[in-house]
Amino acid sequence: MDIFSLMSEHEQVIFCNDEKTGLKAIIAIHNTTLGPALGGCRMQPYKTVDDALFDVLRLSKGMTYKCAAADVDFGGGKAVIIGDPQKDKTPELFRAFGQFVESLNGRFYTGTDMGTTPDDFVHALKETNCIVGVSEEYGGSGDSSVPTALGVIYGIQATNQVVFGSDGLAGKTYAIQGLGKVGSKVAIRLLEEGADLYVCDLNDEAIQKVILRAKELGATVKVVKGEEIYKTDADVFVPCAFGNVVNDDTIDLFRVKAIVGSANNQLLDIRHGKMLQNKGILYAPDYIVNAGGLIQVADELYEPNKERVLQKTKGIYTTLLNIYKEAENERMTTVEAANRFCEQRIELRKSRNNFFTHKKRPKWDIRL
Ligand code: NAD
């Protein structure tokens, strides 16, 4: 792999090595036009350093688009720790990671992602203020799945408006894949609004919670297994488990009219966006819809204010409607329209502020 050409779109890539704690991490800063880079820190036992590098570069670029779309004062970045989250975590490792983050002097903010938890970053917080998303006891904004789920609901409403001519949630059937932190909240809200569901999850307890609520409300929940979730006669597919669910194998199975969910990277490839369009399925670009959690952690730059987070999350409805309109007017896919919208937003800021500045530091100071 030609690392330098791979890195060419990025502003900076930092390889972090700490012999004493065994920390091996990579921090990628993709673009700071809109503010310091923000992105979670993933921990995974990558087979090779190239695998870790490829992942962090791809994810940090994605964060630039996600931050631009959500209109938060951050740019795109991401970090990966090479290691097994079940075996290799120690407080010292996260403190060492925190020291590397601190050395970037406010250019990069991070927090939990796959394989890491808010508690891990309580250790990093001892070394740097540039940590977001820890629990409220430690000065963070707490569970981000609440605004994420709300954003998904706004995304479904905007989509229903375009597909069915009304943004009501009632009277429709939704097929939800994954009833975890986000999916369960989306499911319960949809049931409360008068919808019926198909659901699937590997965890039976998660399914039972949703069934219980459905019984209380007199709604219908059908449980399906594995691939069956792609084949239902639901109106909308709501992926809330894992990425790459729209691919060559699944695309012919869908009978829904729209796809709106929280999972990251739902399309295996951008061409699957075109294939969905050709099938007449409206696709809500994932990074627009699932930005509620990002909006919440980005808000930590200011005094905490849950109402402001909820109001900003509401903006997902209008942003998505505008993207749908743009895609139709310009005869492009919704993903192309979303990407172009973000690129234009970044370009606009560049032309007004084409010199590099360090942005604000958080007002809170919660070193332990
Ligand atoms: P979670 O881990 O709490 O929930 C995921 C659920 O999916 C679990 O209940 C799990 O059992 C289920 N699942 C896993 N494999 C499955 C399979 N093969 N079939 C059916 N179910 C399966 O995660 P979450 O926080 O709810 O996030 C869900 C998705 O949304 C993830 O892709 C995540 O990256 C994305 N996302 C989450 C947030 C957030 O704020 N939590 C923000 C943005 C994006």
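No experiment lies behind these values; they were computed from the predicted model shown. (Residues numbered from 1 in each chain as written. Predicted model: local features only at pLDDT ≥ 70, side-chain atom pairs only at ≥ 80, totals over all residues. Heavy atoms only, no water.)

1. Thoughts on the site of the ligand
Reasoning step 1: Around the ligand, the surrounding shell holds 19 residues, and the nearest of these are Thr148, Lys181, Val182, Asp201 and Ser262.
Reasoning step 2: Here an oxygen atom of the ligand and a side-chain polar atom of Lys181 are 2.9 Å apart.
Reasoning step 3: In the complex, 73% of the free accessible area of the ligand, which totals 820 Å², lies under the protein chains.
Reasoning step 4: Elements with a minimum of two residues in the shell around the ligand: helix H5 (145-164) and helix H6 (181-192).
Reasoning step 5: The residue makeup of the shell around the ligand, split by class, is eight nonpolar, eight polar and three charged. (Near = heavy atom within 4 Å. Polar contact = N/O pair within 3.5 Å; in protein donor to acceptor, adjacent residues only side chain to side chain. Areas by Shrake-Rupley, 256 points an atom, 1.4 Å probe, with all protein chains shown as cover. Helix = DSSP H or I, 4+ residues; strand = E, 2+ residues; numbered from the N terminus. Nonpolar A, V, L, I, M, F, W, Y, C, P; charged D, E, K, R; others polar.)

2. Focus on the packing of aromatic side chains
Reasoning step 1: Scanning the entire structure with this criterion turns up seven aromatic pairs.
Reasoning step 2: Both rings, one in Phe97 and one in Phe121, keep their centres 6.4 Å apart while their planes meet at 70°; by these two values the pair is edge-to-face. Taken as a pair, Phe97 in helix H3 (residues 91-103) and Phe121 in helix H4 (residues 118-124) lie far apart in primary sequence, 24 residues in all. Pair check on accessibility: Phe97 and Phe121 agree, each one buried.
Reasoning step 3: Centre to centre, the rings of Tyr230 and Phe254 are 5.6 Å apart; their planes meet at 85°, and the pair counts as edge-to-face. Here Tyr230, found in the loop between strand S9 (221-223) and strand S10 (236-239), pairs with Phe254, found in the loop between S10 and strand S11 (258-259); they are 24 residues apart in sequence, far enough to count as distant. Like Tyr230, the residue Phe254 is buried in the burial classification.
Reasoning step 4: Each residue in the set Phe94, Phe97 and Phe121 is aromatic and connected to the rest through ring pairs, giving one cluster.
Reasoning step 5: Across the ring face of Phe164, the terminal group of Lys172 is positioned such that the distance to the ring centre comes to 4.8 Å. (Phe/Tyr/Trp six-rings, centres within 6.5 Å; stacked < 30°, edge-to-face > 60°. Buried < 20%, exposed > 50% of the residue type's maximum accessible area, 1.4 Å probe, protein only. Lys NZ or Arg CZ within 6 Å of the ring centre and 35° of its normal.)

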